[in-house]
Each structure stands twice: as structure tokens, then as C-alpha cells.
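An overview of the molecular structure
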Amino acid sequence: MREFKELRITGLNKYYGNKKVVDNFNLTIKNGEFVTLLGPSGSGKSTVLNCIAGLIPIDGGSIYIDDECLDDGKNFVPPEKRNFGMVFQNYALFPHLSVFDNVAFGLRLRKLPKEVIKEKVISALRMVHLEEHVNKYPRQLSGGEQQRVALARCIVMEPRVMLLDEPLSNLDALLRIEMRYELKALHERLKITTIYVTHDQQEALALSDRIVVLNKGKIQQIGTPEEIYSYPSNLFVANFLGFRNIWEVKILKLEGDNVAYIKFGSVNLKATLQDKYKSHIRNIFENNKRAYISVRPEDIEIGEGLENNIEIKIEVIEYLGHHKQFWGVTSDGINIEVSKESNISLEPGDSVKIWIPPERILIFSEED
Ligand SMILES: Nc1ncnc2c1ncn2[C@@H]1O[C@H](COP(=O)(O)OP(=O)(O)OP(=O)(O)O)[C@@H](O)[C@H]1O
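In this text, all values refer to a predicted model and were calculated from it rather than measured experimentally. (Residues numbered from 1 in each chain as written. Predicted model: local features only at pLDDT ≥ 70, side-chain atom pairs only at ≥ 80, totals over all residues.)

Notes on the domain arrangement of the protein chain
Assigned domains within the protein chain: domain 1 (6-236) and domain 2 (243-365). Each of domain 1 and domain 2 has a C-alpha centre, and these two points are 38 Å apart. Each side of the interface is counted separately: domain 1 has four residues, and domain 2 has six residues. Broken down by class, the residue content of the side of domain 1 that touches domain 2 amounts to three nonpolar, one polar and no charged. (Domains from an automatic or database assignment. Contact = placed C-beta atoms within 7 Å. Nonpolar A, V, L, I, M, F, W, Y, C, P; charged D, E, K, R; others polar.)

Considerations on the sheet that holds strand β3 (residues 34-38)
The strand order across the open sheet built from six strands is β6-β7-β8-β3-β9-β10, with neighbouring strands paired in mixed fashion. Strands with a single pairing partner mark the edges of an open sheet, and in this sheet they are β6 (84-87) and β10 (218-223). Averaged over all pairs of adjacent strands, the angle between their axes in this sheet comes to 15°, without regard to strand direction. Across five bridges, the pairing between β3 and strand β8 (residues 193-198) is parallel. Bridged to L37 within β8 is V197. Its contacts with the sheet put helix α5 (residues 143-155) on β6 and β7 (161-165), and the angle it makes with β6 is roughly 175°. (Pairing = 2+ DSSP bridges. Helix = DSSP H or I, 4+ residues; strand = E, 2+ residues; numbered from the N terminus. Axes fitted to C-alpha atoms, helices over the stretch in contact; angles between N-to-C directions.)

What to know about the site of the ligand
The local shell around the ligand consists of Y16, V21, G39, S41, G42, S43, G44, K45, S46, T47 and H199. At three residues, the largest contribution of residues to the shell around the ligand is made by helix α1 (residues 45-53). A per-class count over the shell around the ligand returns two nonpolar, eight polar and one charged. (Near = placed C-beta within 6 Å.)

Comments concerning the environment of S43
Locating S43 in the fold gives a position in the loop between β3 and α1. The spacing of S43 and L362 is 319 residues in sequence and 24 Å in space, taken between C-alpha atoms.

Observations concerning the nonpolar core
Formed by 92 residues in total, the largest nonpolar core has its most connected members in V103, A152, L163, I195 and I363. Examining the composition of this core, we find that six residues originate from one element, α5, more than from any other. Of the residues that make up this core, three or more belong to each of domain 1 (6-236) and domain 2 (243-365). (Core = buried A, V, L, I, M, F, W, Y, C linked by C-beta atoms within 7 Å. Buried ≥ 20, exposed ≤ 12 C-beta atoms within 10 Å, placed from the backbone.)

Side note on the UniProt feature "domain: ABC transporter" (unreviewed entry) in the protein chain
With numbering matched to this structure, UniProt assigns "domain: ABC transporter" (unreviewed entry) to residues 7-241. Split by type, residues 7-241 is 37% helix and 26% strand. Its first and last C-alpha atoms lie 27 Å apart. (UniProt positions renumbered as here; feature names shortened; annotations may be inferred.)

A short note on helix α6 (residues 173-190)
With 18 residues, α6 ought to run about 26 Å at 1.5 Å a step, and its terminal C-alpha atoms sit 26 Å apart, in line with that. The complete set of buried residues in α6 reads M179, L183 and H187. Seen end-on, α6 carries its buried residues on one side only, within an arc spanning 80°. Across from the buried face of α6, at angles greater than 90 degrees, the exposed residues are L174, Y181, A185, E188 and R189. Following α6 by one or two positions, K191 has its phi on the positive side, about 55°. (Expected span 1.5 Å × (residues − 1). Arc of directions from axis to C-beta.)

Thoughts on unusual backbone geometry
In this structure, D66 takes a positive phi of about 50° despite not being glycine. By the element assignment, D66 lies in the loop between β4 (62-65) and β5 (68-71). A residue is classified by how many C-beta atoms lie within 10 Å of it, and D66, with 13 of them, is partly exposed. Of note, the phi angle at E158 is positive, near 50°, even though the residue is not glycine. Using a count of 15 C-beta atoms within 10 Å as the deciding quantity, one classes E158 as partly exposed.

As C-alpha cells, then:
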């Protein structure tokens, strides 16, 4: 495998007709990193991946591996010369070839000796736990097994970079989790630089060294799973990562540099500001920008707290196994979603006291 230090994507733009579907995408990926492009349908994830693969032409910017230019609009290395491996959602196996032959296909094109091919294919199949299926055909395999063949076919080529486009999305829920584990274990072992596309936040959090959140072709945030989950940089990322309660509010005053008082309907809330957001919130307050707060449903407590007490009337309850989702409304007509353990027994129509821990409130402006 040819070693490299980094894959650099700079100022990447892509248009379809007049529509800019990738807008100034900048990302440097270190050798061995697992980076996920996360975003809703249509946010441009696959387009970025296909540009990196060389499958579609770019309309600006450049893609380099160290000082080797793969694409800058003028110089172009075709996909088959990049030594990148791709795995898609639909597996794309050859139906008329056995598992062995599917995995051996690329190595045969490289005209490697028969024994070497056999050794590499068996070793790749072993890595994805399919060694006893070598002689089967894709139709005789489950979806998860077929996806493993696709992975084996990719890793057997010892690619410099693996590009995975929603590889688990055709699998059922249980298999997804199992394959997620397999993928992670495989990456731990082989450390192949990987770019993974998904719209599933759990998958992104579980697998990645870093996550790139995309919306409408623009990068919203780049960070480790912990950073993205705990310190979303705007409302979009917060919402995508599970902050369901988003309310427009007025910031009444700032106290010191780490407390904000907020008008929330007819009650005032206190928010303690985390370091990362302090200057940002001062900017919102001083420039009188439209402010929003956001709270995870699981961070809201039922009962009476020291501050931020609110009363809600429960409208709908969803039983979700290990937790229940409560949908309530305040006397000011503000909807609130609360997620708690299933043993809490409340009925629709009940009035219940809740409180929001001040350190669990994030504040954003509209333009973030
Ligand atoms: N060949 C094409 N011609 C025209 N528009 C396209 C083409 N391919 C993609 N688009 C548009 O580009 C935008 C980004 O699409 P892309 O497939 O990259 O998004 P995505 O985030 O991967 O979404 P999904 O998860 O649904 O695959 C979308 O608005 C899509 O409709």
C-alpha cells in the first residue's frame, strides 16, 4: 500500500445546472482517519464522495494526496488510477460470479499470480468472516453477507482510501448494528483511510474519528463525535444531533460572563454558558440578534428543581422500550418534548412540573 500523509480537498464546488450542490468544501483527512460525511438527503454527501473518487467532474477547487494532484479541473487522475476502493449501498456484486471470484476480480485485472490471488482473497474473506462461503453466489447470501463480500472486494485491493456510500442502509436494524461493529473492528485492524457517507447520526457517532456535517452543500461543522454531539455550532447541527426543543426567545441580560437570563413565554430561564459559546452569545445579546435556545429531550428533568421550573400539560406519550417520549405544552402554548425512563407513569392530560438544568441550554442565533 502506498503510504501518504494526507488527502486534501480544497475549495471544492459542484453545480448541477444552476444549482450549487457542493459549496466551497474544504477538508484535510489524515492517513488512517475515519471521517464521516453526515447530513440529510440531498445535502451533497454522495456528490462530494463521487468527486473524491473521480466519478464526476468538479467545478472548482482541488483534490490532492500529499503533493500528487488528483483533480484541479485541469489535471485529472481517472478513478481506476487513484487506487481508491468504493462500497455502495446496493453492494454491486457480480451476480454470475462466486464469492471468491467477486473478490478476486480486481486482483485478476492486476494480473497477479494465481497463488497470490488465492491467498489474498481468502485472507480478505477471513477478515469479514465469510471464509466458509467462498463458493456461494451472491443470491445465496443474506444482505449483510453480500455487503461483507463488497467490503472484502474493496479491502483485498489494499486501497489507499476507502469510500463508503451508505453501505449499511439496505440492512435491517439488527444487522446494521452488527455490521457497524464489523466495520469499526476492520478499521481498527487495517487503519485504511476511510470516508463514510451516512444520514444516520448514530452510525456517524459510533464509527468516526471526525464527522463533517453537511447541509445544502455547505459544511456546517467538522469535529470529533464528542464535539459535534456536545457542542453543535449552529441550530441545524444541534437539531440533526438530537436537540429537539428549539424555541425562539429573548435574552434579557447577561450576568458575568457565564450566565444568561432568557424570557421564555411568561417564565424566565437561566442558562449557564459553556466556554465555547460565551463570546458568541455576547455577540447575539449586544447586537440584539434573534435568539434561539435548544435543549435535548433527555436533559429535561421531571419534578421540581432549583431553577427553570415549568409546568406542562402532557398531550401525547410514546412508549419506546427503555424510554418514553412525552409531548407536552406550557400554559403559554409552547410545545416541549421530554424523554425519560419508561417506569415514569404519566397519562395524557396530566399536568406535570419539569425543570431544565441551566447548563443544558444552548443558545444560538438564526444566522449561525
Ligand atoms: N446527476 C445529477 N443531476 C442533477 N442533480 C443531481 C445529480 N446528482 C445529485 N443531484 C442533486 O444534487 C444534490 C446533492 O445530491 P447528493 O446525492 O450528493 O446528496 P446526498 O446528501 O448524498 O443525498 P442522499 O442521502 O439522498 O443520497 C441534490 O439536490 C440532488 O438532487
